[in-house]
Protein chains: 2
Amino acid sequence: MVNDRSSAIGQRSLGDPGIRYPLWPPLTTGCPETSTETTSYPVEVDYDYDRVPPELFQQPAGSGLDRWAPLLPPLHAPGLGEGGTPLIELPGDGVHIKDESRNPTWSHKDRLNRVAVSAAAGIGAPGIVVASSGNHGASAAAFAARAGLRCIVLASPAPPAVNTFLRSYGAVVLTVPTEARWPLLRRIVAETGFHPVSNSTTTHTGHAFGPEGYKTVAYEIFAELGVPAAMFVPTGYGELLFGVWKGFAELVRLGLAARTPRLFACEPAAGGPLSRAISQGLPATSVEVGPTSAYGISCAVGGYRATVAVHESAGRALLVDDAEMAAAQRDLGRSGLWCEVSSAAGLAGFRQVREEFDGPVVCVTTSSGFKDIGVGTERPDVLDPEWDVVRRHLRNADIHC
Amino acid sequence: MVNDRSSAIGQRSLGDPGIRYPLWPPLTTGCPETSTETTSYPVEVDYDYDRVPPELFQQPAGSGLDRWAPLLPPLHAPGLGEGGTPLIELPGDGVHIKDESRNPTWSHKDRLNRVAVSAAAGIGAPGIVVASSGNHGASAAAFAARAGLRCIVLASPAPPAVNTFLRSYGAVVLTVPTEARWPLLRRIVAETGFHPVSNSTTTHTGHAFGPEGYKTVAYEIFAELGVPAAMFVPTGYGELLFGVWKGFAELVRLGLAARTPRLFACEPAAGGPLSRAISQGLPATSVEVGPTSAYGISCAVGGYRATVAVHESAGRALLVDDAEMAAAQRDLGRSGLWCEVSSAAGLAGFRQVREEFDGPVVCVTTSSGFKDIGVGTERPDVLDPEWDVVRRHLRNADIHC
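Figured I'd write up the structure that's included with this text. (Residues numbered from 1 in each chain as written. Chains lettered and ligands numbered in written order. Predicted model: local features only at pLDDT ≥ 70, side-chain atom pairs only at ≥ 80, totals over all residues. Heavy atoms only, no water.)

Let us now look at the pairing of strand S1 (residues 8–13) of chain B. All names here are of chain B. Taken across its six residues, S1 has five buried, putting it largely inside the fold. When S1 meets strand S3 (residues 43–47), the two strands line up antiparallel, connected through five bridges. The partner of Gly 10 across the bridge, within S3, is Asp 46. Sheet analysis places S1 next to strand S2 (residues 20–21), joined by two bridges and oriented antiparallel. Within the sheet, the bridge partner assigned to Arg 12 lies in S2 and is Arg 20. (Buried < 20%, exposed > 50% of the residue type's maximum accessible area, 1.4 Å probe, protein only. Helix = DSSP H or I, 4+ residues; strand = E, 2+ residues; numbered from the N terminus. Pairing = 2+ DSSP bridges.)

Take a look at the structure:
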């Protein structure tokens, strides 16, 4: 089960890249040396890039993240065929959609959890604990189940279909008030020895290894399309944004690509800690969050990873409002792709920017439409099946009959 | 957009393989010559197998069914990255799961609809019409949207989350009493010229081209694993069963495989028209259907395709009850795979047979758990986040703390 093709050699502070730590144990509360009372700095995984086989990007697509094992932390936990999602070109907008709803639990989070649960397995933890209202929790539960580890999900109240989803993988799901999740997470870690795969620091640091899994989005796009001119990424804590940036940055380092795409972070306008941090020149900050239907990326607290990705890629942090996301979600559905409203933030951001790019543009849709708040609340009327009634409905919909 | 790599040369009656028809138009009500008042015989697509490039099965996995274009009817409608789903080995049962929930609308139906909507585009129909309470309707709507065709879905009352799903692709969704759907389908075809992608004959014939899309399940399994000893397939009308059989039969014909797997059809015990037909020596028949949670494969009417697949593969028709399917669904969840209860019929069938097979066994899970009847009806209590309360819950779940 253990995948020992990893070239990972240690952890390195994002706060000060000169500061290094051993690879084990994963630093689940960020870099102790550079973090301050107001800003927590994450760590990232460092690799011996000279050990990465040069033919890695010419190999046939395999199943799961194992294909990219040399550029990931050790994959101690078994996979579920995560990753390998398709790129679909939209005719009208001229953009490519990277559709992450094709993952094992139908969101991008599966890439992170394959790696984070592998970290838990690697240190011999009896289980994992996660604070989540949706995709992350269900994904963590699925990979824990696959690895034979217990899983505790501290859930905040979630949409009805998501409640069922969270419970389907056999995790212990405890629904608690939103703000109680993080103190309970720390307590559970202390009392049980379970490995945390959610954040517990002041500004977001999250899991030390997890975001490495998102690099595979970049690898797959590169193998299929080369380097896009720009990418638009739905952004909550910014882990996906960072992973995508780091993946392309590694391709540059390996001499395979000349540059990274410009990365556009797309946050809900109801919050936007990254936009605030960028405009104020801060590494990371927090904001008040107003109501938004994009609960999957509605975060009061940002993280330094996202700031790095935007700065290093000459990108921007965009704010998209609920109407812009709803319009993008609707139009994706009209193209045959039904995504969660927060997933449509990428396309909404692209439309807002309306810039001409010198090359392909990729918008990431992170998750399936089944996870939205309004799903399952419609109760359609049953029609009288008389032809006159049906014909009237068809004519009202501009169907000639 | 048109994919002209197809080797299709015509339609052929399943009732009498000596009877052939031109490839166009698709015979949407089966074979007119062999069908009787009680039994409708489908047609299938015939190919010039000598034109199939010998290297087809050595080529790298591409995106969507286009990879297999020489063995499919012409793909006039654009794809959504359908197919290419992973095979996942379960540790306990020693079986492989072909997880069809990774498709564009999270079910196997996307393979059929890429092909059926291509047929509609190929004859220049202004739209398609489909009778469905779930996966088939949403999938048809998605591929129609992608192709710029209108879509009418005649829906029977569906689970809450599925109602939202059906409406997400911009189709005209008319919810009507279940039994009114087929007469309305025929009327709409007559009055609008829309192309039907659902059945409208006495026993099931369905779309002439659509089941060809399911052959790609066999091709993918063969490319990854070779020929399994047995496959267990959730079975409603038997189109998937037939497609899988035909795919392997073609591999034998092409000289690439020595045999097909034995195919085990897994029908809900509440109905089971195929089991009845097989036991009575009929080509196809109908049954009374009792209540079952496996609504996705609960069919009163069977079709001759399924009978062919079982007989030709030396397979069997199994009946699995709701408790067996629920247990299999639960255990798949505990392995990290959450499927619709009807999707678990395959694993339920395998466990019922408990036979030793001389080679790998594959169970197909057809769809995501989001589509089940009970989804979204749970309302979890919000816990008091005091540690004593949380600890009691964890201890009740056998977590040491």
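Another aspect to go through is the pattern of salt bridges. Any two side chains of opposite charge can pair, on the condition that their charged atoms come close. According to the stated counting rule, one finds 34 salt bridges over all chains in the structure shown. The closest approach of N and O atoms between Asp 66 of chain A and Arg 114 of chain A, which form a salt bridge, is 2.9 Å. You can see Asp 66 of chain A sitting in the loop between strand S3 (43–47) and strand S4 (87–89) and its partner Arg 114 of chain A sitting in helix H1 (residues 109–122), a full 48 residues away along the chain. Of the residues examined, Asp 66 of chain A reaches a relative accessible area of 23% and is grouped as partly exposed. By relative accessible area, which is 2% here, Arg 114 of chain A ends up buried. Measuring nitrogen to oxygen at the nearest pair gives 2.9 Å for the salt bridge that ties Glu 191 of chain B to Arg 187 of chain B. With Glu 191 of chain B and Arg 187 of chain B both in helix H4 (residues 181–192), this residue pair falls four residues apart, about one helical turn. Within the structure, one salt-bridge network assembled from shared partners comprises Glu 44, Glu 212, Lys 215, Lys 246 and Glu 250 of chain A. (Salt bridge = Lys/Arg side-chain N within 4 Å of Asp/Glu carboxyl O.)

Let us now look at the relation of the copies chain B and chain A. Each copy of the sequence occupies a distinct position, and chain B is placed on chain A by a rotation of 180 degrees and an axial shift of 0.0 Å, giving an RMSD of 0.0 Å. What the rotation and shift describe, once combined, is the action of a two-fold rotation axis. Relative to the rotation axis, the C-alpha of Arg 102 of chain B is the closest in chain B, positioned 2.3 Å from it. Most of the interface of chain B is mirrored in chain A, where 100% of its interface residues are also at the interface. (Least-squares fit on C-alpha atoms with pLDDT ≥ 70 in both. Contact = heavy atoms within 4.5 Å.)

Remember, this is a structural readout, not a statement about activity or role.
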